[in-house]
Number of protein chains: 6
Amino acid sequence: MTRVDSRSPNQMRPVTINRDYIKHPEGSVLISIGDTKVICTASVDERQPRFMREQQMQGKGWVTAEYAMLPRSTSDRSQREVTRGSVGGRTHEIQRLIGRSLRAVVDLRALGERTIWVDCDVIQADGGTRTASITGAFIALWDACQKLVNRKMIKSLPIRENVAAISVGIIEGTPMLDLRYTEDAMAAVDMNIVMTGKGKFVEIQGTAEETPFSREESNQMLDLATDGIQKLIRLQNRLMVEKLNEVSLGDP
Amino acid sequence: MTRVDSRSPNQMRPVTINRDYIKHPEGSVLISIGDTKVICTASVDERQPRFMREQQMQGKGWVTAEYAMLPRSTSDRSQREVTRGSVGGRTHEIQRLIGRSLRAVVDLRALGERTIWVDCDVIQADGGTRTASITGAFIALWDACQKLVNRKMIKSLPIRENVAAISVGIIEGTPMLDLRYTEDAMAAVDMNIVMTGKGKFVEIQGTAEETPFSREESNQMLDLATDGIQKLIRLQNRLMVEKLNEVSLGDP
Amino acid sequence: MTRVDSRSPNQMRPVTINRDYIKHPEGSVLISIGDTKVICTASVDERQPRFMREQQMQGKGWVTAEYAMLPRSTSDRSQREVTRGSVGGRTHEIQRLIGRSLRAVVDLRALGERTIWVDCDVIQADGGTRTASITGAFIALWDACQKLVNRKMIKSLPIRENVAAISVGIIEGTPMLDLRYTEDAMAAVDMNIVMTGKGKFVEIQGTAEETPFSREESNQMLDLATDGIQKLIRLQNRLMVEKLNEVSLGDP
Amino acid sequence: MTRVDSRSPNQMRPVTINRDYIKHPEGSVLISIGDTKVICTASVDERQPRFMREQQMQGKGWVTAEYAMLPRSTSDRSQREVTRGSVGGRTHEIQRLIGRSLRAVVDLRALGERTIWVDCDVIQADGGTRTASITGAFIALWDACQKLVNRKMIKSLPIRENVAAISVGIIEGTPMLDLRYTEDAMAAVDMNIVMTGKGKFVEIQGTAEETPFSREESNQMLDLATDGIQKLIRLQNRLMVEKLNEVSLGDP
Amino acid sequence: MTRVDSRSPNQMRPVTINRDYIKHPEGSVLISIGDTKVICTASVDERQPRFMREQQMQGKGWVTAEYAMLPRSTSDRSQREVTRGSVGGRTHEIQRLIGRSLRAVVDLRALGERTIWVDCDVIQADGGTRTASITGAFIALWDACQKLVNRKMIKSLPIRENVAAISVGIIEGTPMLDLRYTEDAMAAVDMNIVMTGKGKFVEIQGTAEETPFSREESNQMLDLATDGIQKLIRLQNRLMVEKLNEVSLGDP
Amino acid sequence: MTRVDSRSPNQMRPVTINRDYIKHPEGSVLISIGDTKVICTASVDERQPRFMREQQMQGKGWVTAEYAMLPRSTSDRSQREVTRGSVGGRTHEIQRLIGRSLRAVVDLRALGERTIWVDCDVIQADGGTRTASITGAFIALWDACQKLVNRKMIKSLPIRENVAAISVGIIEGTPMLDLRYTEDAMAAVDMNIVMTGKGKFVEIQGTAEETPFSREESNQMLDLATDGIQKLIRLQNRLMVEKLNEVSLGDP
């Protein structure tokens, strides 16, 4: 079986991360994975979120994420969520995933009593928007935190290690890395994996769209994803080094 | 390390499924897993859902799920979702999970142009409400489908095999089966597994709440869950046999 | 004219009140009146409601009620109110009625600066859900207040007397007590009466669904209801005595 | 005890009904009861309401009501309901009451497959806005139906008899007719009565705000209301006769 | 070309402003321009708006406006905005325009830390409701401010000059003043002008509904509007003088 | 007075229009005016909008616009509109303006029974986002229509002439073209002008933020805007010619 763009099953699409893409945010990137393009920004708010203030959780910060797609980022135009009045289930799921994934590598106590808002806005979609959002948002978050360090608002970078994510799936019996939209639509199984720079899992979300999958297949997908994420971590590290001219945080 | 209720790490809480609990629905159960109690009902609607009619998907049916908690099913009273005007992210995530899990074992074509609404309402919560919902809803759904067969509205049961679910987690380094609420709150990792009667995965959702987890730990959790789910499948089979006096569908 | 379940016009359906039905709330019952089943819980919140704080109403508490039906508590599945985004008119009417009825027998000053949230969730409906809610909620509220006394948070029970409720109606010219759903649907007049242990009215809500009713018919309905409510008060008193082993509050 | 405006307990405030107050609607009045002023309009829509079309209820029409208050119709400015996004409980209760009251005297089959929308908008409030709305809306509805007869869209007036409403209450032990806002605020019991031209009840809604009331007190309030409503019916009849120069419908 | 009501192109409809129309507000008028009738009220709230308090804008007040139409103020009944759950685009546009127009002539610092809520509720519509609202609201606002002066809550009137508004349009090539609804519907261009007592512009909003307009036509419309607004200012001045028996503020 | 970026009062910021920016839509551009960047897409929907179908407006099409800002397109992060549940007043105003402006140059009958959805999403804001949206959206719309012609779905381009827009304002007494955000914030008057290729006005929206403006000042601003828009029209024409290699539509 040949993939539509002639990739081999374990081959990722080309990835670029365009830094400082928007001028206002403390951190911002345009990440492209093939035709999937997401603007990720990190905005520092010098207050704790309301729930922390109400519960008097002193000395800690928070990282939260929001996700949206431009109406015509997709093949058919989709209605804006504001038009029907509330965030849909898919969006909720994705923005909770992004937030959890980033918080897993942030030292919230070292961040101090502030909130970092991460916004992932998909401007062009071709599969893997949620994993691209996580991989890109990490750099935006890292840049924003670096700025806090440079401004001496915090002593050291409150980030323990990298985090990145990729999708895998099973198409006609073959496990494949980094599905495009048309591949995703015909996959029997769809798995999103989020992993740290040190190679541990933050999230495994495997879903049988039609055909339940075996333990064996689960293992094959995890292997593919591990390889892919290591490549993404290396790309992140190059970007971090560029700014730091120092050794990277995670080292896969 | 001892569990609060003296269970061993691989021991499930007592499970009971109280059938025909509500008189109106085509299928209904009260499932209890320890102190977690969920009313699951299956309601047959002799129309396709709107999205199928609009896309002219002929000859197929649909299974959809909704999930809610009574305000005081939890230790502190929580606000009704209608009060703030829309379904929250956690609820969205859970009801999408229940729906996908059930559809994975249903032959939607054999079901015909109708919708089965599954409602899971938690009346008392002590951890594992989403997995209890799936395990209980399967019986409600099976009963509703059986009724359609008995009324000769469909020829044969449109259910391919059982589906059931359980949670596992890692607490102070030890993988444990079927977490209670207090255990869940202190778990470093939380995983929900949905499996079919034939032992294949429908969903794996593993989340590091704080500490990322290794491939080794992932495997230990999947082992624990597989054992637990086989017990649930056997309980389901006994209930199905009671009504059928026939061989069960799945055979773990 | 014979009633569908052979009752005489002045005969109530069997009533049971199952106490401490849910483990978390300070008070909780499952009340069954025939096939109508409602879970009533009373939750103590150690703060005044917002409107009291804003108006600086010191030294007083509040009792408020919410009411909902599970989607398939009824013969046909009804949409959840959160799905359309707001509480409907019927629900609003009922929860305001329950709240007013309970407050009419509570000494809000003796309750102190706290709120008791009463939740009435119908799990199976067969007519008379609002009156069953009031009758059952009184016991949940009484139990919650008793707990406050036992914990020495208030000096004495802030409840002046019992309150209970029943429906009456006129079917084919005959006034009848405690209508089932099918009876309610064909009644020309529908009346809900809320009464205290001392036999005074808290609410009279009579509605001509089709045929306006005379003063004479109004009097016949009030007579039937008075008899029915006295039976409910006696049942409440037995439950209260069980816990107290003391003389009951109201004495009809 | 003297009333603030020197009325005797059984004395109503001056009532005027200003017909054809707004030019567009098929029927419209400004009703004033003391300082309470409500614009009531009746709008004919040549379609059945959606629920009737969906349930294929052929050959019948419907009358529905909406109620609102201008923000500064009250002593303090109140927020518009659209601002918080949904109709509140009190508004729901009132518009349902107005709709039921009017439908009780309309022959929906004779009305034919159309909807009459009744809008009651309070421009100045001083107690009794819901009962004033019913009394005024009856004339707007009657005028709209008369127009349908004149235009030969229906054969005869689909209205069986008049309907009107008044409030009564108990203040410091004395039953009183037609409460002003300041009286209403200090009443121990508040009762709204809706009655037909032939002297039968459409609605009795008695509520103990603080002190439960006896059967005896209930009877005194119903007597006061009956007298008051007869006066309102006579006023309605004079207005109807003016247009018809014929005998009135109801004859109290 | 003749206008439907025989007016000449530069002739306004008859205007009346009925003062103190509602008893509760600090200022209130019923303004009628031909068949367009709007109730305008000004309500004083002795607190700054939330946004000013949050931004700690000390020593200043605010004037804000809301606008609504009764459902049957128009030829066909329109749905209440609360029914669909939010304020529509047209309403938003109009209430922002009214608020800006009034604030342009108010000295917010002299007003002090309070809010004036202006409510414009259209009870009958025949074109020009937004401009009538502004012209009428000015008097309601002036009266409310005068009351603050009389009560010695502010030292002097915080209003710098009058403000009034009118619509103009181009119909079949001819610029015309003060369009009725039927004229508005067939106008190629529609312009709303808001002007102060000293003859300066607060707002110019010209819109080509179909045919773009030239600079020349723009000038003709501004000329017509200037004349019309001067007449409105003189009417306002007469009303102000009536209360003051003093020289008017603006002097066109 | 010197402008912050050393421009002269009548000088526009650099403008670029990056065509075919997003792959899915029928037309799409990224327009940059200084630091203001807006993605404009035009999506063809082969159905009339609902309001046209309901009113049976046969043989005509429609162009509608939506506008949004990414949360961190602005200096401070702003809340997503979906979070508070509805589109705000400013957004409503802008998207109505964009829609009207585009429809003013489209022959809706020639477009046929279809809808073109124009989406303007601001990814970076520095003043003039609404006028940039109109100028950019025209090219997206033109490209989408050109595609319909190329696919032979319509016979000829249903666009009568160009449309473009610019802002002007008065800062410290001097009229200035194309305000940046910091200039806009201190302008006494703010005017947005929309003009066609033939030099006629589609919209004039002038607002005195603080100080009312004279007829003279109005004329100066219109002169500045006319010059600026002619430059934008020439840029549009070059882009159109590129694709067409033909004479442009409008000819300023």
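Note that the structure is a prediction, hence the values are computed from the model and not measured.

Chemist: Before we move on, could you go through the overall build of chain A and cite the residues and values that matter?
Modeler: Regarding its fold elements, chain A presents seven helices and nine strands. By principal-axis analysis of the C-alpha atoms, chain A measures approximately 55 × 45 × 35 Å. Looking at chain A residue by residue over its 252 residues, the buried ones come to 62%. Of all intrachain contacts in chain A linking residues separated by at least 6 positions in sequence, the fraction that spans at least 24 positions is 69%.

Chemist: Describe the environment of Leu148(C), and please don't skip the residues or the numbers.
Modeler: All names here are of chain C. Considering the arrangement of structural elements, one finds Leu-148 in helix 5 (residues 129–150). Put simply, Leu-148 and Val-44 are 104 residues apart on the chain and 8.8 Å apart in space, counted from C-alpha to C-alpha. Discounting chain neighbours no more than four positions away, the residues touching Leu-148 are Val-44, Glu-46, Leu-111, Arg-114, Met-153 and Ile-154.

Chemist: Break down the sheet that holds strand 6 (residues 163–171) of chain B for me, citing the residues and quoting the values.
Modeler: Pairing is antiparallel in the open sheet, where eight strands are placed in the order 7(A)-6(A)-8(A)-9(A)-9(B)-8(B)-6(B)-7(B). Each of the sheet's edge strands pairs with one partner strand only, and the pair in question is strand 7 (174–177) of chain A together with strand 7 (174–177) of chain B. Direction aside, the axes of adjacent strands within the sheet are offset by 15° on average. Sheet strands touched by helix 3 (residues 89–103) of chain B: strand 9 (201–208) of chain A together with strand 6, strand 8 (189–196) and strand 9 (201–208) of chain B. Its angle to strand 9 of chain B, the strand with the most contacts, is close to 150°. The strands touched by helix 7 (residues 215–244) of chain B within the sheet are strand 9 of chain A together with strand 6, strand 7, strand 8 and strand 9 of chain B, with strand 6 of chain B carrying the most contacts at an inclination of about 145°.

Chemist: An account of the environment of Thr182(E) is requested, with residue identities and associated values reported.
Modeler: All names here are of chain E. Examined against the element boundaries, Thr-182 turns out to sit in helix 6 (residues 181–186). Take Thr-182: its relative accessible area is 48%, and that puts it in the partly exposed class. Between the C-alpha atom of Thr-182 and that of Val-4, which follows or precedes it by 178 residues, the distance is 8.7 Å.

Chemist: How would you sum up the pairing of strand 8 (residues 189–196) of chain F? Please name residues and give values.
Modeler: Residues and elements named next belong to chain F. In terms of residue burial, strand 8 counts as a mostly covered element, since eight of its eight residues are buried. The two faces of strand 8 match: Val-189, Met-191, Ile-193 and Met-195 on one face and Asp-190, Asn-192, Val-194 and Thr-196 on the other face are all buried. Both strand 6 (residues 163–171) and strand 8 contribute to a ladder of eight bridges, which runs antiparallel. Each residue of the ladder has a partner; that of Ser-167, found in strand 8, is Asn-192. Relative to strand 9 (residues 201–208), strand 8 runs antiparallel, the two sharing seven bridges.

Chemist: Any chance you could break down the interface of chain D and chain E for me, citing the residues and the numbers?
Modeler: One frequent convention defines the size of an interface as the accessible area lost when the parts assemble. Each partner contributes residues to the interface: chain D has 37 residues there, and chain E has 38 residues. For the pairing of chain D and chain E, the buried interface totals around 2,800 Å² over both sides, and the portion due to carbon and sulfur atoms is 51%. Across the pair Glu26(E) and Arg72(D) runs a salt bridge, and its minimum N-O distance is 2.7 Å. Along the contact surface separating chain D from chain E lie 25 residue pairs in polar contact (both at pLDDT 80 or more). At the level of secondary structure, the elements contributing two or more residues to the side of chain D that touches chain E comprise strand 3 (36–45), strand 4 (62–69), helix 2 (81–84) and strand 5 (115–124) of chain D. The element contributing the most residues to the side of chain D that touches chain E is strand 5 of chain D, with six residues. Residues belonging to the side of chain D that touches chain E are distributed by class as follows: 15 nonpolar, ten polar and twelve charged.

Chemist: Tell me what's going on with helix 3 (residues 89–103) of chain D, and back it up with residues and numbers.
Modeler: Residues three or four positions apart in an α-helix share a direction because the helix packs 3.6 residues into each turn. A rise of 1.5 Å per residue sets the reference length of helix 3 of chain D, with its 15 residues, at 21 Å; its end C-alpha atoms lie 21 Å apart and thus fit the reference within 8%. Most of helix 3 of chain D sits inside the fold, with 13 of its 15 residues counted as buried.

Chemist: Residues and numbers for the nonpolar core, please.
Modeler: All names here are of chain E. If you look at the biggest cluster of nonpolar residues, it comprises 91 residues, and the most contacted ones within it are Val-63, Leu-102, Ile-116, Val-118 and Phe-138. It is helix 5 (residues 129–150) that contributes the most residues to this core, twelve residues altogether. Among residues more than four places away in sequence, those in contact with Phe-138 are Leu-102, Val-105, Ile-159, Glu-161, Asn-162, Val-163, Gln-236 and Met-240.

Chemist: So what's going on with the pairing of strand 3 of chain D? Residues and values would help.
Modeler: Every other side chain in a regular strand lies on the same face of the sheet, so the side chains alternate between the two faces. Residue and element names in this part refer to chain D. Most of strand 3 is tucked away: nine of the ten residues are buried. As consecutive antiparallel partners, strand 2 (residues 27–33) and strand 3 are separated by two residues, and within that stretch Gly-34 has a phi angle of approximately 55°, a positive value. Relative to strand 5, strand 3 is paired through nine bridges, and the arrangement is antiparallel. Bridging from a neighbouring strand, Asp-45 pairs with Thr-115 of strand 5.

Chemist: Run through the relation of the copies chain D and chain E, naming residues and quoting values.
Modeler: Each of the two copies of the chain can be brought onto the other by a rotation about an axis and a shift along it. Superposing chain D onto chain E requires a rotation of 180° together with a translation of 0.0 Å along the rotation axis, leaving an RMSD of 0.0 Å. Here the two chains are linked by the operation of a two-fold rotation axis. Looking at the interface residues of chain D, 100% of them are also at the interface in chain E, so both copies use one shared face.

Chemist: Go over the pattern of salt bridges, please, and point to the residues and values.
Modeler: Summed over the entire model, instances satisfying the criterion amount to 139 salt bridges over all chains. In this structure, a network of salt bridges that share partners links the residues Arg3(A), Asp5(A), Arg7(A), Arg13(A), Asp35(A), Asp126(A), Asp178(A), Arg180(A), Glu183(A) and Lys23(F).

Chemist: Residues and numbers for the sheet that holds strand 1 (residues 15–19) of chain F, please.
Modeler: Residues and elements named next belong to chain F. Taken in spatial order, the five strands of this open sheet run 1-2-3-5-4, and their pairing is mixed. The two strands at the open ends of the sheet, each matched to only one other strand, are strand 1 and strand 4 (62–69). Taken over all neighbouring pairs, the strand axes of this sheet differ in orientation by 20° on average, direction set aside. Note that strand 1 and strand 2 (residues 27–33) share five bridges and pair antiparallel. By the bridge assignment for strand 2, Arg-19 is matched with Val-29. Each of strand 1, strand 2, strand 3 (36–45), strand 4 and strand 5 (115–124) is contacted by helix 5 (residues 129–150), which is oriented at about 35° to strand 3, the strand it contacts most.

Chemist: An account of the relation of the copies chain E and chain F is requested, with residue identities and associated values reported.
Modeler: Of the two same-sequence chains, chain E is brought onto chain F (RMSD 0.0 Å, axial shift 0.0 Å) by a rotation of 180°. Both copies present the same face, since 100% of the interface residues in chain E are matched by interface residues at the equivalent positions in chain F.

Chemist: Give a detailed account of the interface of chain E and chain F, specifying residues and quantitative values.
Modeler: With 31 residues of chain E at the contact, the number on the chain F side is 31 residues. Both sides together, the interface formed by chain E and chain F hides about 2,700 Å², and carbon and sulfur atoms give 49% of it. Taken together, the links from chain E to chain F amount to four salt bridges. For the salt bridge of Arg96(F) with Glu93(E), the shortest nitrogen-to-oxygen distance reads 2.6 Å. The interface formed by chain E and chain F holds 15 residue pairs in polar contact (both at pLDDT 80 or more) in total. Mapped onto the side of chain E that touches chain F, the elements with two or more residues apiece are helix 3 (89–103), strand 9 (201–208) and helix 7 (215–244) of chain E. Ranked by residue count, the leading element in the side of chain E that touches chain F is strand 9 of chain E, at eight residues.

Chemist: Help me get a handle on the packing of aromatic side chains, residues and values and all.
Modeler: Residues and elements named next belong to chain A. Inspection of every chain in the model, using the stated rule, returns twelve aromatic pairs over all chains. For the pair Phe-51 and Trp-62, a centre-to-centre distance of 5.0 Å together with 80° between the ring planes defines the contact as edge-to-face. Of this pair, Phe-51 sits in helix 1 (residues 50–54) while Trp-62 sits in strand 4 (residues 62–69); the two residues are eleven residues apart in sequence, bridging distant segments of the chain. Judged by relative accessible area, Phe-51 falls into the partly exposed class, the value being 32%.

Chemist: Provide a residue-level description of the side chain of Thr129(E), including the pertinent values.
Modeler: Residue and element names in this part refer to chain E. Along the chain, Thr-129 falls in helix 5. Judged by its relative accessible area of 6%, Thr-129 is buried. Leave out the neighbours within four places in its chain, and Thr-129 touches Thr-36, Val-38, Tyr-67, Met-69, Arg-90 and Val-122.

Chemist: Describe the confidence of the model for chain A, naming the residues involved and giving the relevant values.
Modeler: Residues and elements named next belong to chain A. Summarising the model, chain A shows a mean pLDDT of 93, and 96% of its residues fall at 70 or more. Note on residues 246–252: pLDDT is under 50 here. Beyond four places in sequence and across chains, it has 18 contacts. Confidence metrics for the complex model read pTM 0.90 and ipTM 0.93.

Chemist: Summarise the packing of helix 3 (residues 89–103) of chain F against helix 5 of chain F; cite the residues concerned and give the values.
Modeler: Residues and elements named next belong to chain F. One way to put it is that helix 3 packs onto helix 5 with a least axis distance of 10 Å and a crossing angle of 40°. Regarding the angle of helix 3 to helix 5, the classification is oblique. Remark: the crossing between helix 3 and helix 5 carries right-handed chirality. Contact residues: helix 3 offers Arg-90, Glu-93, Ile-94, Leu-97, Ile-98, Ser-101 and Leu-102, while helix 5 offers Thr-129, Arg-130, Ser-133, Ile-134, Ala-137, Phe-138 and Leu-141. Of the residues contributing to the contact of helix 3 with helix 5, the split by class is eight nonpolar, three polar and three charged.

Chemist: Tell me about unusual backbone geometry, and please be specific about residues and values.
Modeler: A positive phi angle, close to 65°, is found at Ser6(B), a residue other than glycine. Assignment of secondary structure puts Ser6(B) in the segment before strand 1 (15–19). At Lys152(F), a position not held by glycine, the phi torsion is positive, near 60°. The residue Lys152(F) is located in the loop between helix 5 and strand 6 in this model. For Lys152(F), a relative accessible area of 73% translates into the label exposed.

Reading the values: the criteria
Residues numbered from 1 in each chain as written. Chains lettered and ligands numbered in written order. Predicted model: local features only at pLDDT ≥ 70, side-chain atom pairs only at ≥ 80, totals over all residues. Heavy atoms only, no water. Helix = DSSP H or I, 4+ residues; strand = E, 2+ residues; numbered from the N terminus. Buried < 20%, exposed > 50% of the residue type's maximum accessible area, 1.4 Å probe, protein only. Contact = heavy atoms within 4.5 Å. Pairing = 2+ DSSP bridges. Axes fitted to C-alpha atoms, helices over the stretch in contact; angles between N-to-C directions. Buried area = accessible area lost by both parts, 1.4 Å probe. Salt bridge = Lys/Arg side-chain N within 4 Å of Asp/Glu carboxyl O. Polar contact = N/O pair within 3.5 Å; in protein donor to acceptor, adjacent residues only side chain to side chain. Nonpolar A, V, L, I, M, F, W, Y, C, P; charged D, E, K, R; others polar. Expected span 1.5 Å × (residues − 1). Core = buried A, V, L, I, M, F, W, Y, C linked by side-chain atoms within 4.5 Å. Least-squares fit on C-alpha atoms with pLDDT ≥ 70 in both. Phe/Tyr/Trp six-rings, centres within 6.5 Å; stacked < 30°, edge-to-face > 60°. pLDDT = per-residue confidence, 0-100. Parallel < 35°, antiparallel > 145°, perpendicular 65-115°, else oblique. Left-handed = near helix turned anticlockwise from the far one by under 90°.

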